[in-house]
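# Summary of the model geometry
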Amino acid sequence: MIEFIFGSYGSGKTREIFSRIERDFKENKKSFLIIPDQEAVQFERQSLELLGTRAQLSLEILSFSRLYNRVCREYGGLSYSYVTKPMRSLLMWKTLRELEPLLVEFKTHASDSGMTDLMLTMINEFKASGINPAHLELASKKLPEDSALRTRLYDLALIYACFDNFVSEKYSDSADDLSKLSDVLEKHNFFAGANVYIDSFTSFTSVQHRIIESIFKQADNVN
């Protein structure tokens with residue numbers, strides 16, 4: 001069952017969630033509380049204050065990134081060789097230099113100092129939205145041949161694919177974690193038999209929506 005808890009700020013939504021988690025504990029029911037990364041410490045403190053230490057035996061408080069780690073520990077696939085921020089910048093710089101002769105819309109800007117950061121930001125947004133190079137290439141082919149957007153999307157697909165290839169030679173990219181998590185959850189019923197509570201988010205990315213869809217399918221109840 002999927003249930004939404006509505007209320008204005010300070011009306012007691014989170015306290016209601018903890019009340020339901022306490023009931024789960026008393027009924028020996030496994031429960032997961034999924035919250036934003038920046039809220040983790042606050043919720044763990046609240047959990048101890050409201051539920052005590054024994055309830056932690058049946059409750060796991062996770063952000064989406066921590067959920068990826070948790071699921072990988074269950075089914076395998078956890079990476080220990082993440083590419084660092086400086087190395088990401090260096091690999092993007094290498095990507096732009098090597099692709100410069102092949103680019104059209106971005107050819108004249110490939111050597112600009114700000115282009116590396118711009119492309120990294122764009123790729124992060126693509127990954128958060130579940131967009132891969134093949135999606136960009138397919139979208140470009142649907143546009144008129146004389147369209148600037150068509151060539152721009154093709155350039156972006158080329159840059160994205162080449163950058164990912166350079167990264168994958170030695171590293172994993174943490175920006176791919178949630179997409180990997182979504183793929184794992186489509187194969188394994190990690191939340192089977194559990195109640196799941198999702199709290200304190202103001203919005204979700206496309207990949208997070210896919211993860212939530214898997215939670216809806218697997219969990220006994222989602223709040």
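Anyway, here's the lowdown on the structure attached to this text.

Conventions used here
Residues numbered from 1 in each chain as written. Predicted model: local features only at pLDDT ≥ 70, side-chain atom pairs only at ≥ 80, totals over all residues. Heavy atoms only, no water. Salt bridge = Lys/Arg side-chain N within 4 Å of Asp/Glu carboxyl O. Helix = DSSP H or I, 4+ residues; strand = E, 2+ residues; numbered from the N terminus. Buried < 20%, exposed > 50% of the residue type's maximum accessible area, 1.4 Å probe, protein only. Expected span 1.5 Å × (residues − 1). Contact = heavy atoms within 4.5 Å. Polar contact = N/O pair within 3.5 Å; in protein donor to acceptor, adjacent residues only side chain to side chain.

Counted according to the given criterion, the structure contains 15 salt bridges. Close ionic contact of Glu22 with Lys26 constitutes a salt bridge, the shortest N to O distance being 4.0 Å. Taken together, the residues Glu22 and Lys26, both in helix α1 (residues 13-26) and 4 residues apart, mark about one turn of the helix. By relative accessible area, Glu22 is classed as partly exposed at 32%. For Lys26, a relative accessible area of 65% puts it in the exposed group. With its nearest N and O atoms 3.1 Å apart, the salt bridge here joins Asp176 to Lys127. Taken as a pair, Asp176 in the loop between α7 (148-168) and α8 (177-187) and Lys127 in helix α5 (residues 115-128) lie far apart in primary sequence, 49 residues in all.

Attention shifts here to α7. A rise of 1.5 Å per residue sets the reference length of α7, with its 21 residues, at 30 Å; its end C-alpha atoms lie 30 Å apart and thus fit the reference within 8%. Every buried residue of α7 is listed here: Leu153, Asp155, Leu156, Ala157, Ile159, Tyr160, Cys162, Phe163, Phe166 and Val167. In this fold, the buried residues of α7 make contact with α4 (85-99), α5 and α6 (133-141). For α7, the N-terminal cap is Ser147; the gap from its side-chain oxygen to the backbone nitrogen of Leu149 is 3.2 Å.

Geometric values such as these leave the question of function open.
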